[in-house]
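# Remarks on the overall topology
Here are the chains, one letter per residue:
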Amino acid sequence: MKQNSFLSIRNLQQYEELDKINSIWYAIMKMEPALLNLLLEDDIDYEDIGKQEFIEKLRYRFNNYKTMGDSELILDLDYCKGCNCNRPVAKFIGNNSGKHFALYFDIENEEVIDIYHCNWYGDFDFLDIF
């Protein structure tokens with residue numbers, strides 16, 4: 001059973017220093033592409049499209065959320081129901097719209113080695129595609 005795992009910007013602001021993953025989550029939650037540009041590594045091919053295109057893809061998504069009246073994204077940890085079977089994904093939810101998307105963070109030795117969108121998460125049932 002999933003426990004309440006919601007995290008807001010205010011929750012992260014209480015810490016003096018954030019580790020790398022929390023800093024990246026914070027930048028996404030604030031919908032700040034410039035901060036993501038500073039935090040993400042140049043040599044990682046995020047989502048097989050590269051750092052800059054990945055950030056632009058998120059910038060477009062952030063603009064859509066802002067158009068819907070969202071001023072921040074709330075983080076909820078969920079689970080992949082597809083290619084990363086039952087591994088955790090970070091689900092970002094608009095604070096006004098309630099719309100959401102999920103990102104899978106591939107982490108190795110406490111380092112982010114890739115980030116990509118996950119489309120099969122939450123209450124999604126495999127039978128829903130038929």
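That block above? That's the structure.
A short tour of the structure in this document, coming up. Keep in mind that what you see is a predicted model, and the values were worked out from it rather than measured.

The rules behind the values
Residues numbered from 1 in each chain as written. Predicted model: local features only at pLDDT ≥ 70, side-chain atom pairs only at ≥ 80, totals over all residues. Heavy atoms only, no water. Buried < 20%, exposed > 50% of the residue type's maximum accessible area, 1.4 Å probe, protein only. Helix = DSSP H or I, 4+ residues; strand = E, 2+ residues; numbered from the N terminus. Salt bridge = Lys/Arg side-chain N within 4 Å of Asp/Glu carboxyl O.

When you tally the buried positions in helix α2 (residues 20-29), you get nine out of 10 residues, the bulk of the element. Every buried residue belonging to α2 is among I21, N22, S23, I24, W25, Y26, A27, I28 and M29, and all of these are buried.

Here we come to the environment of K66. Topologically, K66 is positioned in helix α4 (residues 51-67). Judged by its relative accessible area of 44%, K66 is partly exposed. Separated by 31 residues in the primary sequence, K66 and S97 place their C-alpha atoms 9.4 Å from one another.

On inspection of all chains with the given rule, the structure shows five salt bridges. With a closest N to O distance of 3.7 Å, K91 and D76 form a salt bridge. Of this pair, K91 sits in strand β2 (residues 88-94) while D76 sits in strand β1 (residues 73-79), and the two are 15 residues apart along the sequence. A single burial state applies to K91 and to D76, both of which are buried.

This paragraph deals with unusual backbone geometry. A positive phi angle is found at M31, which is not glycine, with a value near 55 degrees. Tracing the chain through its elements places M31 in the loop between α2 and α3 (33-39).

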